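Take a look at the letters that make up each chain.
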Amino acid sequence: MKRRAALLVVDVQVDFCPGGALAVPDGDQVLSPLNRYLGLFSETSTPIFASRDWHPPTSKHFRENGGIWPPHCIQGTAGAAFHPHLRFPEGTIVVSKGMADWDDGYSAMAGVTENGTPLTMLLRRMALDRLYIGGLATDYCVKETVLDALREGFAVTLLTDAIRGVDVEPGDSHRAAKAMLEAGAEEASFDSVRGALTADRNGADHARRG
């Protein structure tokens with residue numbers, strides 16, 4: 001049975017790109033491939049979601065409050081904005097996470113939409129069961145999002161040309177990718193995704209004409 005797919009872009013925000021408060025080295029290199037995916041998914045009328053860290057100023061995981069991270073992605077600040085070079089099409093659904101002062105907010109699957117609907121609930125309401133996932137960072141939010149999605153029963157395709165990691169310890173990103181694949185994620189790059197989505201669209205068009 002064909003799975004109904006969606007694109008999920010994880011946390012490509014100013015603070016996570018070079019020059020930001022908690023930058024992923026080379027994080028801005030995901031912009032070009034993600035824009036290709038955004039165009040492809042828009043052209044094929046496939047739903048698009050974008051997650052963001054959306055922390056309150058009092059978040060307990062900040063260094064000032066005893067946590068390990070510096071302040072980043074504070075609600076309403078420039079650093080919390082999506083990177084300005086990302087070309088999100090009209091209709092992109094924003095998912096916010098980490099909005100409690102105790103919540104690190106790693107997994108997009110724990111996020112909610114702007115009207116408060118949990119992402120997992122919305123995906124099921126929309127009868128979506130495959131997620132194509134890219135973004136920042138491979139060894140943190142991408143990994144936790146993928147693992148949570150798999151645990152919730154979604155099929156996951158990891159966009160290997162549209163992720164970048166932090167690598168606090170050398171090899172962290174490699175180990176994260178291995179863990180995601182061992183948990184059941186598939187991996188793909190642009191050409192194979194384009195082929196799959198185009199085939200799905202042609203099949204749907206044929207069914208409608210029939």
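Each chain has its residues counted from 1, following the order in which its sequence is written. Local features in a predicted model are, by the rule used here, given only for residues with pLDDT of at least 70; side-chain atom pairs are given and counted only at 80 or more, and totals for whole chains, interfaces and linings are based on all residues. In computing side-chain properties, one takes all heavy atoms of the structure into account and sets aside hydrogens as well as water.

Caption draft 1: Region of the structure containing the nonpolar core. By nonpolar core we mean a set of buried residues, namely Ala, Val, Leu, Ile, Met, Phe, Trp, Tyr and Cys, connected to one another through side-chain atoms within 4.5 Å. A simple rule labels every residue: compare its accessible area, found with a 1.4 Å probe on the protein chains alone, to the largest value its type can have, and call it buried under 20%, exposed over 50%, or partly exposed in between. One finds Leu7, Val12, Tyr37, Phe41, Tyr132, Leu136 and Val193 to be the most contacted residues of the largest nonpolar core, which totals 30 residues. Comment: elements are numbered from the N terminus, with helices defined as DSSP H or I runs of at least four residues and strands as E runs of at least two. With six residues, helix α1 (residues 31–43) is the single largest residue contributor to this core. It only takes one pair of heavy atoms within 4.5 Å for two residues to be counted as in contact. Setting aside residues no more than four positions away along its own chain, Leu7 makes contact with Tyr37, Leu38, Phe41, Pro47, Ile48, Phe49, Tyr132 and Leu159.

Caption draft 2: Fine view of helix α4 (residues 172–182). Taken as a whole, α4 has its buried residues at Asp172, Ser173, Ala176 and Met180. Down the axis, α4 shows its buried residues gathered within 95° of arc, on one side only. Exposed positions of α4 whose direction lies more than 90 degrees from the buried face are His174 and Glu182. Structurally, α4 contributes buried residues whose contacts are with α3 (138–151) and β6 (155–164). In this context, the arc is that of the directions from the helix axis out to the C-beta atoms.

Caption draft 3: Representation of the sheet that holds strand β4 (residues 112–113) within the structure. Strand order in the open sheet made by the seven strands is β4-β3-β2-β1-β5-β6-β7, with mixed pairing throughout. Looking at strand neighbours, the two that pair on one side only are β4 and β7 (186–188), the edges of this open sheet. Two elements, strand β5 (residues 130–136) and β6, share six bridges in a ladder whose sense is parallel. Among the inter-strand pairings, Ile133 is bridged to a residue of β6, identified as Leu158. We treat two strands as partners when DSSP finds at least two bridges between them.

Caption draft 4: Local environment of the pattern of salt bridges. In what follows, salt bridge is the name for a side-chain nitrogen of Lys or Arg lying within 4 Å of a carboxyl oxygen of Asp or Glu. Scanning all chains against the criterion turns up nine salt bridges. A salt bridge links Lys97 to Asp11, with the nearest nitrogen and oxygen atoms 2.7 Å apart. Here the residue Lys97 occupies a position in strand β3 (residues 93–97), and Asp11 occupies one in the loop between β1 (5–10) and α1, the gap between them amounting to 86 residues. Across the pair, exposure class does not vary: Lys97 and Asp11 are buried alike. Taking the shortest distance from any N to any O, the salt bridge between Arg130 and Glu186 comes out at 3.6 Å. Taken together, the residues span a long stretch of sequence, with Arg130 in strand β5 and Glu186 in strand β7 at a distance of 56 residues.

Caption draft 5: Fine view of the environment of Ala78. Tracing the chain through its elements places Ala78 in the loop between β2 (48–53) and β3. Accessibility expressed as a relative area gives 64% for Ala78, which makes it exposed. Separated by 91 residues in sequence, Ala78 and Glu169 place their C-alpha atoms 29 Å apart.

Caption draft 6: Looking closely at the environment of Ile68. Relative to the helices and strands, Ile68 is located in the loop between β2 and β3. Considered as a pair, Ile68 and Gly111 are 43 residues apart in the sequence and their alpha carbons are 22 Å apart. Residues contacting Ile68, with those up to four places away along its chain left out, are His61 and Arg63.

Just distances and angles here, no functional claims.
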